[in-house]
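# Summary of structural features
In case you want the letters, here they are:
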Amino acid sequence: MRAAYAMSLRDIPAVHRLLAEPRIAGFSPLVGPETVKDAIDAVIAEIRRSAADRSPAVPQFEAIVAAVCERLAVAERDGLLDVINGTGILLHTNLGRAPLAREATDAIGAIARGYSNLEFDLESGTRGSRYERIGGLLREVSGAEDALVVNNCAAAVLLVLDTFAKSREVVVARNQLIEIGGGFRLPDVLARSGATLVEVGTTNKVYLRDFEQALTPRTALLLRSHNSNFSIEGFVADVNPGELAALGRRVGIPVVEDLGSGALEDLADYGLPHERTVVDAVRDGVDLIAFSGDKLLGGPQAGIILGRAPLVARLRANPLLRALRVDKATLAALGATLRLYLEPGGAKRVPLYAMLGYSVEALRERAAQIQSRLSRQARHTRVIDSEAYVGGGALPLARLGSVALAIRPTSGDPNALAAAFRRERPPIVGRVEGDELLLDLRTIHPDQDAYVAEALARVIG
Ligand SMILES: *Cc1c(COP(=O)(O)O)cnc(C)c1O
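None of these values were measured; they are calculated from a predicted model.

## Some details on the overall build of the protein chain
For the protein chain, the count of helices and strands is 20 helices and 18 strands. Counting only C-alpha atoms, the protein chain reaches 95 × 60 × 40 Å along its principal axes. Per-residue burial for the protein chain yields a buried fraction of 49% across its 461 residues. Long-range contacts, defined as pairs at least 24 residues apart, comprise 74% of the intrachain contacts of the protein chain with a sequence gap of at least 6. Carbon and sulfur atoms make up 51% of the accessible area of the protein chain, which amounts to about 22000 Å² in all. Charge separation in the protein chain, taken as the distance between the mean sites of 54 positive and 56 negative side-chain charges, equals 4 Å.

## Topic: the pairing of strand E6 (residues 169-173)
In terms of burial, E6 is a largely internal element, 5 of the 5 residues being buried. The alternating pattern of E6 places Glu169, Val171 and Ala173 on one face and Val170 and Val172 on the opposite face, and all of these are buried. Here E6 runs beside strand E9 (residues 196-200); their pairing, made up of 5 bridges, is parallel. Its bridge partner being in E9, Glu169 is matched across the sheet by Thr196. Note that E6 and strand E10 (residues 219-225) share 4 bridges and pair parallel. Across the sheet, residue Val170 finds its bridge partner in E10, namely Leu221.

## With respect to the site of the ligand
As a structural note, the neighbourhood of the ligand is formed by 14 residues, with Ala154, Ser228, Asp258, Ser292 and Lys295 the closest of them. A distance of 2.9 Å separates an oxygen atom of the ligand from a polar atom in the side chain of Arg97. A distance of 2.9 Å separates an oxygen atom of the ligand from a polar atom in the backbone of Cys153. Taken by itself the ligand offers 390 Å² of open surface, and the protein chains cover 93% of this. Listing elements by their share of the shell around the ligand, those giving two or more residues are helix H9 (153-164) and strand E11 (255-260). Residues that form the shell around the ligand fall into these classes: 5 nonpolar, 6 polar and 3 charged.

## Digging into the side chain of Lys205
In this structure, Lys205 sits in the loop between E9 and helix H11 (208-214). The residues contacting Lys205, other than those within four sequence positions of it, are Asp210, Phe235, Val236 and Ala237.

## Section: the sheet that holds strand E18 (residues 436-440)
The 5 strands lie next to each other as E2-E14-E15-E18-E17, forming an open sheet whose pairing is mixed. Lying at the two open borders of the sheet, with one neighbouring strand each, are strand E2 (89-91) and strand E17 (431-433). Sheet twist, expressed as the mean angle between neighbouring strand axes with direction ignored, is 40°. Those strands touched by helix H18 (residues 360-372) are strand E14 (381-391) and strand E15 (400-407), and its axis lies near 10° from that of E15. Across the sheet, helix H19 (residues 414-422) touches E15, E17 and E18, and the angle it forms with E18 is around 40°.

## Focus: H19
For H19, every residue scored as buried is listed here: Pro414, Leu417, Ala418, Ala419, Ala420 and Phe421. At its buried positions, H19 is contacted by E15, strand E16 (428-429), E17, E18 and helix H20 (449-460).

## Focus: the nonpolar core
Counting residues in each nonpolar core, the largest one holds 59 residues, and the members touching the most others are Phe211, Leu296, Leu306, Leu338, Tyr353 and Leu356. With 5 residues, helix H16 (residues 328-342) is the single largest residue contributor to this core. Here this core spans two domains, since at least three of its residues come from each of domain 2 (84-96 + 354-460) and domain 3 (102-346). Ignoring sequence-local partners within four residues, the contact set of Leu338 consists of Ile134, Leu137, Leu138, Val141, Leu264 and Leu297.

## Remarks on unusual backbone geometry
Here Arg425 and Pro426 are connected by a cis peptide whose omega angle stands at -5°. Despite not being glycine, Ser167 has its phi angle at roughly 60°, a positive value. Tracing the sequence through the fold places Ser167 in the loop between H9 and E6.

## Observations concerning the pattern of salt bridges
Scanning the entire structure with this criterion turns up 32 salt bridges. Note that Asp287 is salt-bridged to Arg308, the shortest N-O span being 2.7 Å. Remark: Arg308 occurs in the loop between strand E13 (303-307) and helix H14 (309-316) and Asp287 occurs in the loop between helix H13 (278-283) and strand E12 (288-292); sequence separation between them is 21 residues. One continuous salt-bridge network, built from bridges that share partners, spans Glu119, Arg127, Arg130 and Arg325.

## A word on the packing of aromatic side chains
As enumerated under the stated definition, the model contains 2 aromatic pairs in all. When the centroid spacing of 5.3 Å and the interplanar angle of 50° are considered together, the rings of Tyr270 and Tyr353 count as tilted. Of this pair, Tyr270 sits in the loop between E11 and H13 while Tyr353 sits in helix H17 (residues 351-357); the two residues are 83 residues apart in sequence, bridging distant segments of the chain. The residues Tyr270 and Tyr353 share a single accessibility class, namely buried. An aromatic cluster is present here, built from Tyr270, Tyr341 and Tyr353 joined pairwise through their rings. Directly above the aromatic system of Phe61 lies the positively charged group of Arg17, at a separation of 3.9 Å from the ring centroid.

Rules used in this analysis
- Residues numbered from 1 in each chain as written.
- Predicted model: local features only at pLDDT ≥ 70, side-chain atom pairs only at ≥ 80, totals over all residues.
- Heavy atoms only, no water.
- Helix = DSSP H or I, 4+ residues; strand = E, 2+ residues; numbered from the N terminus.
- Buried < 20%, exposed > 50% of the residue type's maximum accessible area, 1.4 Å probe, protein only.
- Contact = heavy atoms within 4.5 Å.
- Areas by Shrake-Rupley, 256 points an atom, 1.4 Å probe, with all protein chains shown as cover.
- Lys, Arg positive; Asp, Glu negative; His and termini not counted.
- Charge placed at Lys NZ, Arg CZ, Asp CG, Glu CD.
- Pairing = 2+ DSSP bridges.
- Near = heavy atom within 4 Å.
- Polar contact = N/O pair within 3.5 Å; in protein donor to acceptor, adjacent residues only side chain to side chain.
- Nonpolar A, V, L, I, M, F, W, Y, C, P; charged D, E, K, R; others polar.
- Axes fitted to C-alpha atoms, helices over the stretch in contact; angles between N-to-C directions.
- Core = buried A, V, L, I, M, F, W, Y, C linked by side-chain atoms within 4.5 Å.
- Domains from an automatic or database assignment.
- Salt bridge = Lys/Arg side-chain N within 4 Å of Asp/Glu carboxyl O.
- Phe/Tyr/Trp six-rings, centres within 6.5 Å; stacked < 30°, edge-to-face > 60°.
- Lys NZ or Arg CZ within 6 Å of the ring centre and 35° of its normal.

Now the structure itself:
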């Protein structure tokens with residue numbers, strides 16, 4: 001009996017053999033090598049336990065692999081997955097918006113693994129401010145007097161309204177009363193913060209005098225908002241932000257701009273229409289500017305507030321800030337991203353701007369390369385000109401020339417084909433257009449081309 005027990009335990013495969021088994025190793029990039037090792041250890045421990053209890057035969061190698069894979073499949077379902085973005089939408093909110101620069105992820109790794117001087121002044125050895133260092137960088141890239149960072153742009157707008165506009169009036173042009181995705185409606189946010197919305201102008205035409213006529217002793221703010229996801233064309237008139245800022249100064253009422261995307265780069269350099277930048281807003285004299293960290297800045301999720309020092313000081317003193325504050329990983333990634341903008345040519349290392357910078361010829365060449373690896377299946381796959389979109393509430397109408405692989409499913413159902421690509425690991429998310437599935441190369445990293453070719457061969461073949 002004793003001998004049989006020892007022998008069966010010796011039959012348990014070595015950990016390194018299980019680690020090398022392709023079906024198990026395939027989970028490593030999805031759930032991380034630690035989780036894979038943990039799953040193997042757990043399955044082996046279970047076998048040892050039941051062997052000690054009842055000394056049955058150790059399960060066959062295949063059954064052990066299956067047990068490990070089953071555990072890993074659960075771990076994978078519970079976690080976030082790397083996804084390949086073939087939609088051609090660069091800032092896709094459902095796919096996590098801006099991918100981070102290597103410098104930003106390195107900074108997260110370095111800071112998040114250990115302790116840091118997050119709120120510690122190394123000089124005096126006493127408590128320091130979490131916002132000080134990032135504030136310096138933001139002042140440097142924007143020219144603003146002072147800066148603050150919160151969880152996202154929605155939180156930034158909420159903090160501004162809560163600080164300045166509670167029980168008072170906020171004047172907004174009718175053509176800017178936006179609803180962006182995820183239920184963020186400007187009138188509702190105003191109502192929640194206890195401010196009274198004063199709408200001025202009409203849907204298509206708003207003049208400076210509309211703002212002037214709306215001023216009362218209860219006016220707290222003049223608010224501008226970016227038309228993130230729509231455009232009004234035709235018989236239109238809008239208020240120049242510089243003139244609005246001048247009006248605010250004249251009457252002593254702060255002008256706030258919810259800039260939304262917050263670009264530091266001029267998108268005209270990338271063949272897109274010029275998008276009002278953060279620096280434009282600072283130069284126009286807007287008193288407080290709010291924007292996202294993970295839209296056109298290409299950084300982590302964050303809400304950045306820039307503006308006049310006395311106003312930012314009041315925001316900093318609001319107890320609500322404690323509930324909206326960002327963690328060390330966000331600050332590390334945001335700092336590393338901002339530092340790229342301070343280096344000549346550094347913006348090209350922000351993945352968003354790398355993607356915007358690909359030439360159509362380079363994309364066509366990559367598409368042809370992928371197609372050439374498909375042999376027999378190639379007849380289903382064409383290389384076509386397509387259009388990419390910035391997404392993320394920036395330049396809703398702008399299209400960027402791009403190139404896609406277009407796959408016509410033999411089944412006739414492009415949605416079934418799209419689902420098959422989503423079942424790949426890592427999943428590939430494409431865009432259905434007509435009766436074809438498009439995989440747009442502008443949002444696919446060149447390092448992923450070989451994998452896309454393999455997945456294509458698997459799914460179509
Ligand atoms: C995107 C956007 C927001 C919300 O930004 P988050 O960082 O997602 O909270 C707010 N206002 C405008 C104008 C936007 O475009």
